[in-house]
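Residues per chain are reported as follows:
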Amino acid sequence: QVQLVESGGGLVQAGGSLRLPCAASGRTFSSYGMGWFRQPPGKEREFVATINWGTTYYADSVKGRFTISRDNAKNTVYLQMNSLKPEDTAVYYCAAQRGVILATKGGQYDYWGQGTQVTVSS
């Protein structure tokens, strides 16, 4: 069982930056592939980024602006978001899975956090 808690969301102006940490419980954090998803208002949840065994993969919409990283000693995965745009406004969720090298679909993840709101003003 893994429990995930996101934080770091808030209101930021376009062009600004935010870093979202996601703290995980459990002693086997390093064995999990971690992902970030987001759900914009009125839209479906979408993949943002994933990291597993040091390999990362990003959605085209965030490539070059967002960076996913992890600190296994702190059981934490991060999403650094730079050059934010109003269309990045969403509830951001972190998720954990074992079994897929780079998982980009929500159904591939076993555990989810409660989400944190990110609002980017124009």
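Residues numbered from 1 in each chain as written. Predicted model: local features only at pLDDT ≥ 70, side-chain atom pairs only at ≥ 80, totals over all residues. Heavy atoms only, no water.

Moving on, we come to the pattern of salt bridges. Tallied over the full model, the rule gives four salt bridges. Of the charged contacts in the structure, one is a salt bridge between aspartate 88 and arginine 65, with a shortest N-O distance of 2.7 Å. Taken together, the residues aspartate 88 in the loop between β8 (76-81) and β9 (90-97) and arginine 65 in the loop between β6 (55-58) and β7 (66-71) connect sequence positions 23 residues apart. In this structure, aspartate 88 and arginine 65 share a single accessibility class: buried. Because the salt bridges share partners, they merge into one network encompassing Arg38, Glu46, Arg65 and Asp88. (Salt bridge = Lys/Arg side-chain N within 4 Å of Asp/Glu carboxyl O. Helix = DSSP H or I, 4+ residues; strand = E, 2+ residues; numbered from the N terminus. Buried < 20%, exposed > 50% of the residue type's maximum accessible area, 1.4 Å probe, protein only.)

Counting 35 residues, the largest nonpolar core has Leu4, Trp36, Leu79, Met81 and Tyr92 as the members making the most contacts within it. Mapped onto this core, the elements with two or more residues apiece are β3 (18-24), β4 (33-39), β5 (46-52), β7, β8, β9 and β11 (116-121). Ranked by the residues each element gives to this core, the list is headed by β9, at five residues. (Core = buried A, V, L, I, M, F, W, Y, C linked by side-chain atoms within 4.5 Å.)

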